[in-house]
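Here are the chains, one letter per residue:
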Amino acid sequence: TECVSGCVCPEGLYDDGRGGCVEQKDCPCVHNNEWYSSGEKIKVDCNTCTCQKGVWKCTDDVCYGTCTIYGSGHYNTFDGKFYDFDGSCEYVATQDFCGDKNSSGSFSIITENVPCGTTGVTCSKAIKMFLGVSDDSQYISNKEYKEIQRDVGDDVQYWNRTVGLYLVIEASNGVMLIWDKKTTVFIKLSPDYKGKVCGLCGNFDDKANNDFTTRSGLQDSNPLNFGNSWKQSPMCPDVTQEIKPCDLKPHRKSWAEKECSIIQSEVFKICHSKVDPLPFYEACVHDACSCDSGGDCECFCSAVAAYAQECIKAEACVFWRTPDIC
């Protein structure tokens, strides 16, 4: 199916993989199993790629990284590693105080996770953002936003604004926090922080396989050991087992699977080749099973919105909200 000259087409023309013969300059390109004609452009993160003679030519801009924390303990790191961790404590989501004790950093973001529902899964209830060495901090909790200023320093300035459903806090050091006022937080970092951060959001070095680096700098393959290492208080209990809420609440499972099937349905079809829906579908079912003390629709909506957000990043805009759904 590649662009090949040979027995299929006349001399000098190439099989375009779609049953036609074209000149080399008109060879198409493939991305996520979809064909694009010569001259077509696609967005890959913050870069634009153009199809030229069957090969993608891309701009070389360095992009912001995004870490997502949503629903009952789902994490998608800056490097795209997807995992679950249900700890009840305060944890370092991300910070640039890494390595030796004296390393100077400019920010740290802490997530406070508490049990939600009766199955033992946890959700992010509050986010604390510390900026600069002066210890200015913002505090976000249960639909409220507070500023707690502890010291006067102008090392890092910040702004907050509301954009649609989201509260956005942007700091002059290249750190941005976006919160949906429920259980979803997006942390965006400028490319200057590549390889210089640590915490539950990973190290932002474009390699997902080393994201489970513990506080002591060791790599682990177990998300529980990794997550436990980033707790802020030694008094909190360690998480010792993964919680499977659908096994604990089997009567909710079929409802959860039915509702969450929207992620794998025609509604999101244009996104499926760009962002794998499976981990988001599984996370959705997990959340819909676990939200058993009210707010189950909110849990479901947050889970679908997390997939929709990844689709938007991949340039696949899906209008999925309807009067009946979220």
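Our subject is the structure that appears above.
Residues numbered from 1 in each chain as written. Predicted model: local features only at pLDDT ≥ 70, side-chain atom pairs only at ≥ 80, totals over all residues. Heavy atoms only, no water.

Caption draft 1: Examining the overall build of the protein more closely. Of regular secondary structure, the protein possesses six helices and 19 strands. Out of the 326 residues in the protein, the part that is buried amounts to 46%. Put simply, of all contacts in the protein between residues at least 6 apart along the chain, 47% involve residues at least 24 apart. (Helix = DSSP H or I, 4+ residues; strand = E, 2+ residues; numbered from the N terminus. Buried < 20%, exposed > 50% of the residue type's maximum accessible area, 1.4 Å probe, protein only. Contact = heavy atoms within 4.5 Å.)

Caption draft 2: Fine view of helix α5 (residues 278-290). End to end, α5 covers 18 Å across 13 residues, agreeing with the expected 18 Å (1.5 Å per residue, within 8%). Burial in α5 covers these residues: F280, Y281, A283, C284, V285, H286, D287, A288, C289 and S290. (Expected span 1.5 Å × (residues − 1).)

Caption draft 3: Fine view of the side chain of T184. Tracing the chain through its elements places T184 in the loop between β18 (175-179) and β19 (185-189). Setting aside residues no more than four positions away along its own chain, T184 makes contact with T68, I69, Y70, I178, W179 and S302.

Caption draft 4: Expanded view of the side chain of N47. Relative to the helices and strands, N47 is located in strand β6 (residues 47-52). A relative accessible area of 11% places N47 in the buried class. Of the polar contacts made by the side chain of N47, one reaches the side chain of T59; its length is 2.9 Å. At a separation of 2.6 Å, a polar atom in the side chain of N47 contacts the main-chain amide nitrogen of D61. If sequence neighbours within four positions are ignored, N47 has contacts with I42, T59, D60, D61 and C63. (Polar contact = N/O pair within 3.5 Å; in protein donor to acceptor, adjacent residues only side chain to side chain.)

Caption draft 5: How the structure looks around the sheet that holds β6. The strand order across the open sheet built from three strands is β5-β6-β7, with neighbouring strands paired in antiparallel fashion. The outermost strands of the open sheet, each flanked by one partner alone, are β5 (41-44) and β7 (55-58). Each adjacent strand pair in this sheet contributes to an overall mean axis angle of 35 degrees, direction not counted. Bridge analysis of β6 against β7 gives four bridges, and the strand direction is antiparallel. Pairing of Q52 across the sheet is with V55, part of β7. (Pairing = 2+ DSSP bridges. Axes fitted to C-alpha atoms, helices over the stretch in contact; angles between N-to-C directions.)

Caption draft 6: Structural context of the nonpolar core. F78, F107, I109, M129, L177, I187 and L189 are the most contacted members of the largest nonpolar core, which has 39 residues in total. Sorting the residues of this core by element identifies β8 (65-70), β11 (90-95), β12 (107-115), β13 (122-131), β17 (166-171), β18, β19 and α1 (223-229) as the ones contributing at least two each. Here the element with the most residues in this core is β13; it accounts for four residues. (Core = buried A, V, L, I, M, F, W, Y, C linked by side-chain atoms within 4.5 Å.)

Caption draft 7: Fine view of the layout of surface pockets. Here the largest pocket defines a volume of roughly 910 Å³. Forming the boundary of the largest pocket are 34 residues, of which V44, D45, F78, E310 and K313 lie nearest the centre. Looking at the lining of the largest pocket, the elements that each hand over two or more residues are β5, β8, α5 and α6 (296-313). Within the lining of the largest pocket, the residues separate by chemical class into 15 nonpolar, eight polar and 11 charged. (1 Å grid on protein atoms, 1.4 Å probe; cavity = no way out; pocket = protein on both sides within 12 Å on 5 of 7 lines; lining within 4 Å. Points joined across faces, edges and corners; volume = space filled by probe spheres on them. Nonpolar A, V, L, I, M, F, W, Y, C, P; charged D, E, K, R; others polar.)

Caption draft 8: Inspection of the state of the cysteines at higher detail. This model, assessed by the stated rule, comprises 13 disulfides. Across the disulfide from C9 sits C21; the S-S distance is 2.1 Å. Measuring handedness by torsion sign, the sulfur bridge of C9 and C21 sits at about -85 degrees and is left-handed. On the criterion of sequence distance, the pair formed by C9 in the segment before β1 (14-15) and C21 in strand β2 (residues 21-22) is long-range, its members being 12 residues apart. (Disulfide = S-S within 2.5 Å.)

So, to be careful, I would describe these as geometric facts and stop short of saying anything about function.
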